Amino acid sequence: MSTAARLGSMSPLTADPADFTIYLDIPEGVELPAGSAKLGFGGTRSDTGERLSAEYVLDARQLPDGTRVYRIAEADLAPMRMLQAEMRQWKAEVGRAASGTLSVAMTPCLSGDTLDPDAPVNVDLALEDGGTPMPLIKDLPISEFLEQTESGNFLPCSDL
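What you see is a predicted model, and the numbers here were worked out from it, not measured in a lab.

**Digging into the sheet that holds strand β7 (residues 109-110)**
- An order of β2-β7-β10 is seen for the 3 strands of this open sheet, with the pairing classed as mixed. The two strands at the open ends of the sheet, each matched to only one other strand, are β2 (30-31) and β10 (155-156).

**Notes on the pairing of strand β4 (residues 51-62)**
- Pairing of strand β3 (residues 37-45) with β4 involves 7 bridges; the strand directions are antiparallel. Considered in β4, the bridge of glycine 40 is made with glutamate 55.
- Between β3 and β4, which pair antiparallel in sequence order, lie 5 residues; one of them, glycine 49, sits at a positive phi of approximately 80°.
- Of the strand pairs in this sheet, β4 and strand β5 (residues 68-72) are connected by 5 bridges, and their pairing is antiparallel. Each residue of the ladder has a partner; that of arginine 61, found in β5, is valine 69.
- The antiparallel pairing of β4 with β5 creates a hairpin that spans 5 residues between the two strands, and glycine 66 there sits at a positive phi of about 95°.

**Considering the side chain of aspartate 76**
- Mapped onto the fold, aspartate 76 is located in helix α2 (residues 74-94).
- Among buried Asp, Glu, Lys and Arg side chains, aspartate 76 stands out as unpaired, with lysine 38 the closest opposite charge at 8.2 Å.

**A closer look at the side chain of serine 36**
- Locating serine 36 in the fold gives a position in the loop between β2 and β3.
- Note on serine 36: relative accessible area 11%, which makes it buried.
- When sequence neighbours within four positions are dropped, the list of residues in contact with serine 36 reads Ala105, Met106 and Thr107.

**Regarding the environment of serine 46**
- In this structure, serine 46 sits in the loop between β3 and β4.
- A C-alpha to C-alpha distance of 6.4 Å links serine 46 and alanine 98, two positions 52 residues apart in sequence.

Criteria and cut-off values
- Residues numbered from 1 in each chain as written.
- Predicted model: local features only at pLDDT ≥ 70, side-chain atom pairs only at ≥ 80, totals over all residues.
- Heavy atoms only, no water.
- Pairing = 2+ DSSP bridges.
- Helix = DSSP H or I, 4+ residues; strand = E, 2+ residues; numbered from the N terminus.
- Buried < 20%, exposed > 50% of the residue type's maximum accessible area, 1.4 Å probe, protein only.
- Lys, Arg positive; Asp, Glu negative; His and termini not counted.
- Salt bridge = Lys/Arg side-chain N within 4 Å of Asp/Glu carboxyl O.
- Contact = heavy atoms within 4.5 Å.

Written as structure tokens, this is what we have:
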């Protein structure tokens, strides 16, 4: 997986999903309702065109130092482990003909009255519990993030 190279010696194919820690830094006035953050994981085989993919719910957790992080929901750990095993099998069978993807999707809502369009969104991922987070999204202006959403804007949190 190309992401694995950026994430050090651990690989999304072999790391325990229970240890994945996602750090989301979103602008003030933006909230993430429960169940609205998801981890996407999947792969393709260029030799057959087969694709595997799934999304897993991310639950908010509080670290002892007060940092808010997201972890894969307990109910999604076993299904993700099964997908990892299938993708490891592909890698063993066809090597580089198997490739993978890892993504984080969010459906935030607006909790404040105003939003700075240049305020940054940052998403980091650590594959090991207590491991060093690596950036997935770095300083993406919230206005650009909004362009990538279906509606192009946030709903007020009060409407959810």
